[in-house]
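What follows is the residue order along each chain.
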Amino acid sequence: ETRELLKRADESVEKVRALARGEFGELNVGYSPSPTVEILPPALAAFQKAVPRVKVVLHDLAGDELVAGLQSGALELAVMVQPSGEQTAGIEFELLRSYPWCVALPAGHPFARLKSVSLEQVVAEPLVALRRRDYSEYYRILDRLFAPLRARPRIAVECDSASSLITEIEVGRGISVVSAIFRQVTGKRLLYRPLTGTDEAQSVGVARATHGDVTPAGEKFCEVLRTVATGPTGTKRMGKAA
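Residues numbered from 1 in each chain as written. Predicted model: local features only at pLDDT ≥ 70, side-chain atom pairs only at ≥ 80, totals over all residues. Heavy atoms only, no water.

### Some remarks on helix H2 (residues 40-50)
No. 1: Those residues of H2 not exposed but buried are Leu40, Ala43, Leu44 and Phe47. On an axial view of H2, the arc spanned by its buried residues comes to 100°, and they lie on one face. (Buried < 20%, exposed > 50% of the residue type's maximum accessible area, 1.4 Å probe, protein only. Helix = DSSP H or I, 4+ residues; strand = E, 2+ residues; numbered from the N terminus. Arc of directions from axis to C-beta.)

### Notes on the nonpolar core
No. 1: Ranked by internal contacts, the top residues of the largest apolar core, which has 34 residues, are Val122, Leu142, Leu145 and Val177.
No. 2: Of all the elements in the fold, those that place two or more residues in this core are strand E4 (91-105), helix H4 (119-123), strand E6 (126-130), helix H5 (136-146), strand E7 (154-159), helix H6 (162-170), strand E8 (176-179) and strand E9 (191-196).
No. 3: Among the elements that make up this core, the one with the highest residue count is H5 (six residues).
No. 4: If sequence neighbours within four positions are ignored, Val177 has contacts with Trp101, Cys102, Val122, Leu127, Tyr138, Leu142, Leu145, Phe146 and Leu195.
No. 5: Membership of the second largest hydrophobic core comes to 25 residues, among which are Phe47, Val79, Val206 and Ala217. (Core = buried A, V, L, I, M, F, W, Y, C linked by side-chain atoms within 4.5 Å. Contact = heavy atoms within 4.5 Å.)

### Let's talk about the pairing of strand E1 (residues 25-31)
No. 1: Burial analysis of E1 places six of its seven residues in the buried class, the great majority of the element.
No. 2: As paired elements, E1 and strand E2 (residues 54-60) share seven bridges and run parallel to each other. The partner of Glu26 across the bridge, within E2, is Lys55.
No. 3: Regarding the hand of the β-α-β motif, the stretch spanning E1, H2 and E2 is right-handed. (Pairing = 2+ DSSP bridges. Right-handed = clockwise from strand over helix to strand, strands pointing away.)

### Points about H6
No. 1: Considered for burial, the residues of H6 that qualify are Ala162, Leu165, Ile166, Glu168 and Ile169. The arc enclosing the buried residues of H6, seen along the axis, measures out at 165°, which places them on a common side.
No. 2: For H6, the secondary structure elements touched by its buried residues are E4, E6, E7, E8 and helix H7 (183-186).
No. 3: In the stretch just after H6, Gly172 is the one whose phi turns positive, near 90°.

### Topic: the packing of aromatic side chains
No. 1: This structure, assessed with the given rule, holds two aromatic pairs.
No. 2: Between the aromatic rings of Phe47 and Phe221, the centroid separation amounts to 5.1 Å while the plane-to-plane angle is 80°, which identifies the pairing as edge-to-face. Pair noted here: Phe47 is in helix H2 and Phe221 is in helix H8 (residues 216-229), with a separation of 174 residues, a long-range link.
No. 3: Overall, Phe221 belongs to the buried group, its relative accessible area being 0%.
No. 4: When the ring of Tyr138 is compared with that of Tyr139, the centres are 5.8 Å apart and the planes differ by 90°; the resulting orientation is edge-to-face. Tyr139 shares its class with Tyr138; the two are buried.
No. 5: Stacked on the ring of Tyr139, the Lys or Arg Arg132 has its end atom at 4.0 Å from the ring centre. (Phe/Tyr/Trp six-rings, centres within 6.5 Å; stacked < 30°, edge-to-face > 60°. Lys NZ or Arg CZ within 6 Å of the ring centre and 35° of its normal.)

### Concerning unusual backbone geometry
No. 1: In the Ramachandran plot, Arg150 falls in the positive-phi region, its phi being about 55° despite a non-glycine side chain.
No. 2: If you trace the backbone, Arg150 turns up in the loop between H5 and E7.
No. 3: Taking the relative accessible area as the measure of exposure, Arg150 reaches 83% and is therefore exposed.

### A word on the packing of H2 against H8
No. 1: Close contact between H2 and H8 brings their axes to 9 Å; oriented N to C, the two are set at 130°. The angle between the axes of H2 and H8 places the two elements in the oblique class. Seen along the crossing, H2 lies across H8 with a hand that is right-handed. Side by side, H2 and H8 meet where Leu40, Pro42, Ala43, Leu44, Ala46 and Phe47 of the first sit next to Ala217, Lys220, Phe221, Val224, Leu225 and Val228 of the second.
No. 2: Of the residues contributing to the contact of H2 with H8, the split by class is 11 nonpolar, no polar and one charged. (Axes fitted to C-alpha atoms, helices over the stretch in contact; angles between N-to-C directions. Parallel < 35°, antiparallel > 145°, perpendicular 65-115°, else oblique. Left-handed = near helix turned anticlockwise from the far one by under 90°. Nonpolar A, V, L, I, M, F, W, Y, C, P; charged D, E, K, R; others polar.)

### Remarks on the pattern of salt bridges
No. 1: Going through the model one piece at a time under the given rule, you end up with seven salt bridges.
No. 2: Between Arg140 and Asp64 there is a salt bridge; the shortest N-O distance is 3.2 Å. A residue pair is termed long-range when its members are at least 10 positions apart, and Arg140 in helix H5 and Asp64 in helix H3 (residues 63-72) qualify at 76 residues.
No. 3: On the accessibility criterion, Arg140 (26% relative accessible area) is partly exposed.
No. 4: A relative accessible area of 37% places Asp64 in the partly exposed class.
No. 5: Between Arg189 and Glu170 there is a salt bridge; the shortest N-O distance is 2.6 Å. In this pair, Arg189 is assigned in the loop between H7 and E9 and Glu170 in helix H6, connecting sequence segments 19 residues apart.
No. 6: Of the residues examined, Arg189 reaches a relative accessible area of 42% and is grouped as partly exposed. (Salt bridge = Lys/Arg side-chain N within 4 Å of Asp/Glu carboxyl O.)

Written as C-alpha cells, this is what we have:
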C-alpha cells in the first residue's frame, strides 16, 4: 500500500510539472468556423502532435458568445474575427491573418461578367446575409463597409448558417458580401469577385481576456497558431482590441 501511495504521489508531482510546462490538462478554445478554416485545423493538428496530453475542447459560438465566454472565464482563448465596439471591453486581440472582402454570387448572375464589383453596385442588389440575432458582428461589418455611401444594403434573406447562405445564393435569392476565406468553404459552388471601394478587411486572430489567466498550454497553443498563420499570406500583431 505504501508503494502504491508513493507511486500515486510521484504521478501527481509529474502531472503538476507537466501542467507548468503546458504539456498536460484541458484547454477550452472558442472559435468561429468559417473565418478560421485556414488557420485552426492545421494548428490543432500540430498542437496535438506536440503535446498529446493536453485535451483541446472546441466551442463553436457566435462572436458575442465568444467574447462573453472569455469574459466569464469559460473560454481561455478564442480564434475569431476581431471584436469591435462594445465587444472590445476587457479583451486583447492578436491579429493572425487578414482577408479582403469580396462578393459571392451564382454562376448566372450579371456580375459574373465583371472582374470586380463596387459597393455602389452591391447596394442596389438583394443581399443574402447571416441572421442578425446570431451574427451581430457581421452587421457591424456591413455598417462599416457601406457607411461611406450613407446607404444600407437591401437584405433579402437572413440565414442561420454558412451552408444555408451558400444554398440561398446558389438558387438566385441574392448575392452576398463575404471575406475571401469563404471561398475555401464553398469550393466551386459559387463565383467570387473582389469588392472595390473599401479598404476594409476581415481580421482573424486569437483573443483572450485582458485580466484572464492563460495557462502554459494556452500559451503553447498561441505559439502554434502564430507559426501556422505566418505563412506566405500571414501577418501578426499584438495589442488590445480596437
